[in-house]
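# Survey of secondary and tertiary structure
The residues making up each chain are set out below.
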Amino acid sequence: METTLETLADFERCFSSQETCLDYLLEHRWPDGPVCPYCQSHKLWRFGPVLECSGCGRQIRIMAGTLFQDSKLDLRIWFRAVWYLVNNHNGISASELSRELGIRYPTVWSLLHKLRWAMFADLRVPLTGRVEVGEVFLTSPDSLQSGLSSLRSERLAIAVEYDGQSLGRLRMRVIDSAKGYFRRFIEENVELTSTLIIPDRLKDQSLEADYNCLTTSDLAKASSFPPISQISRVETLFKGWLMETFQGAVSEAYLDNYIDEFVFRFDRHYQENRGWVFRQVIDRAIQTPPIRQDRIMRIRSYI
Ligand SMILES: [Zn+2]
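What you see is a predicted model; the values in this text were computed from it and never measured. (Residues numbered from 1 in each chain as written. Predicted model: local features only at pLDDT ≥ 70, side-chain atom pairs only at ≥ 80, totals over all residues.)

A few words on the sheet that holds strand 4 (residues 130-137). On the basis of which strands lie adjacent, the open sheet formed by five strands has the order 6-5-4-7-8 and mixed pairing. Because the sheet does not close on itself, it has two edges, and the strands there are strand 6 (167-174) and strand 8 (212-215). Each adjacent strand pair in this sheet contributes to an overall mean axis angle of 25°, direction not counted. Pairing between strand 5 (residues 155-162) and strand 6: six bridges, direction antiparallel. Bridge pairing in strand 6 links Leu156 to Val174. Together, strand 4, strand 5 and strand 6 form the strand contacts of helix 7 (residues 181-189), whose direction differs from that of strand 5 by roughly 35°. (Pairing = 2+ DSSP bridges. Helix = DSSP H or I, 4+ residues; strand = E, 2+ residues; numbered from the N terminus. Axes fitted to C-alpha atoms, helices over the stretch in contact; angles between N-to-C directions. Contact = placed C-beta atoms within 7 Å.)

Structure follows, in structure tokens:
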């Protein structure tokens, strides 16, 4: 059973040193005990951050192959950054976190973007059930006035589970305006058995062949109330989050990374146990291979 992780005091007690953070990494990377990747031996001796195999004599670094692999930062800094990230309701900007941790802004900026990559890990699981889909433009004239001026007009595809009462999981991605990209986004993010709620203008015969599609005007006919678009609800929340947390200062080159953090948070908005969310981010960082500094920018699959 995991130790309770609810308050800052719990956190400081659990992760008081580099050694205790390494213990956590070791336990979560190999829940059944470490295994040598070269000879599959289960007999390994630990020397600080290194394991030595008693079978073949080779050494394995505990952080090797994880997001933390090449970092010069103490693991405690990473863990603390994740703690701040999940305990601030709206997240934290690099400048704020830099002040909290006493670490240079460029280092913290890159650390946060790497963590956003780790958050992407479970966004590959497709949505199911009743899913509303649509697209929005991030820099509309109104958002220009409200401060998102560092972005040129970005087209975002959105898909959100909605059973008519509550919102479920969300998927979002920057897409190209050429025909076909929206469909590809849906194919990759929504299971074929799902029912799509789609705006009339995006109605597409090839989508209708694969999904059970309902247009917004079909819904309006079937109800005495005009349907409320969950896509515009998500759009408002996303723009509000960019403004509140980053004062709109997000570069278009990294927009997909910010989207990944937003989606990760959105999918866990019901979760009150921040310790559980903290563990989820660390576990994903363990499963995420190291990312080179010059590759932090998301390789956009839809452009
Ligand atoms: Zn070995």
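Our focus in this paragraph is the packing of helix 2 (residues 18-29) against helix 3 (residues 75-87). Contact geometry for helix 2 and helix 3: axes closest at 8 Å, N-to-C directions at 70°. With respect to their mutual orientation, helix 2 and helix 3 come out roughly perpendicular. Mapping the contact onto sequence places Gln18, Cys21 and Leu22 in helix 2 and Leu75, Arg76 and Phe79 in helix 3. When the residues that make up the contact of helix 2 with helix 3 are grouped by side-chain class, the tally is four nonpolar, one polar and one charged. (Parallel < 35°, antiparallel > 145°, perpendicular 65-115°, else oblique. Nonpolar A, V, L, I, M, F, W, Y, C, P; charged D, E, K, R; others polar.)

As a further point, take the confidence of the model for the chain. Per-residue pLDDT for the chain has a mean of 87; in total, 91% of the residues score no lower than 70. Across the chain, element-level confidence peaks in strand 2 (residues 50-53) with a mean pLDDT of 97 and bottoms out in helix 6 (residues 141-145) with 47. (pLDDT = per-residue confidence, 0-100.)

This part is about the domain arrangement of the chain. By the assigned domains, the chain splits into domain 1 (1-64) and domain 2 (123-266). The distance between the C-alpha centroids of domain 1 and domain 2 comes to 40 Å. (Domains from an automatic or database assignment.)

By size, the foremost hydrophobic cluster in this structure holds 69 residues, and its most contacted members are Val82, Leu115, Ile158 and Val281. Per-element accounting of this core gives the leading share, eight residues, to helix 3. Here this core gathers at least three residues from each of two domains, domain 1 (1-64) and domain 2 (123-266). If we skip the residues at most four places from it in the chain, Val82 touches Leu115, Phe278, Val281 and Ile282. (Core = buried A, V, L, I, M, F, W, Y, C linked by C-beta atoms within 7 Å. Buried ≥ 20, exposed ≤ 12 C-beta atoms within 10 Å, placed from the backbone.)

Right, let's talk about the environment of Thr195 for a bit. Along the chain, Thr195 turns up in strand 7 (residues 195-198). As a C-alpha pair, Thr195 and Tyr162 span 33 residues in sequence and 10 Å in three-dimensional space. Non-local contacts of Thr195, meaning those with residues more than four positions away in its chain, are made with Arg130, Asn212 and Leu214.

A word on the packing of helix 4 (residues 94-101) against helix 5 (residues 105-119). For any two helices packed against each other, one specifies the crossing angle of their axes together with the interaxial distance. Contact pair helix 4 / helix 5: the axes reach a minimum separation of 9 Å and the direction vectors enclose 115°. Regarding helix 4 and helix 5, the two cross each other, and that crossing is right-handed. Contacts between helix 4 and helix 5 involve Ala94, Ser95, Leu97, Ser98 and Leu101 from the former and Tyr105, Val108, Trp109 and Leu112 from the latter. Tallied by class, residues from the contact of helix 4 with helix 5 come to seven nonpolar, two polar and no charged. (Left-handed = near helix turned anticlockwise from the far one by under 90°.)

Strands sit in the order 1-2-3 across an open sheet of three strands; the sheet is antiparallel. Looking at the sheet topology across the chains shown, the edges are occupied by strand 1 (44-47) and strand 3 (59-61). The mean inter-strand angle of the sheet, taken between neighbouring strand axes irrespective of direction, is 25°.

Here we come to unusual backbone geometry. Its identity is not glycine, yet Gln40 carries a phi of approximately 65°, on the positive side. For Gln40, the position within the fold is in the loop between helix 2 and strand 1.

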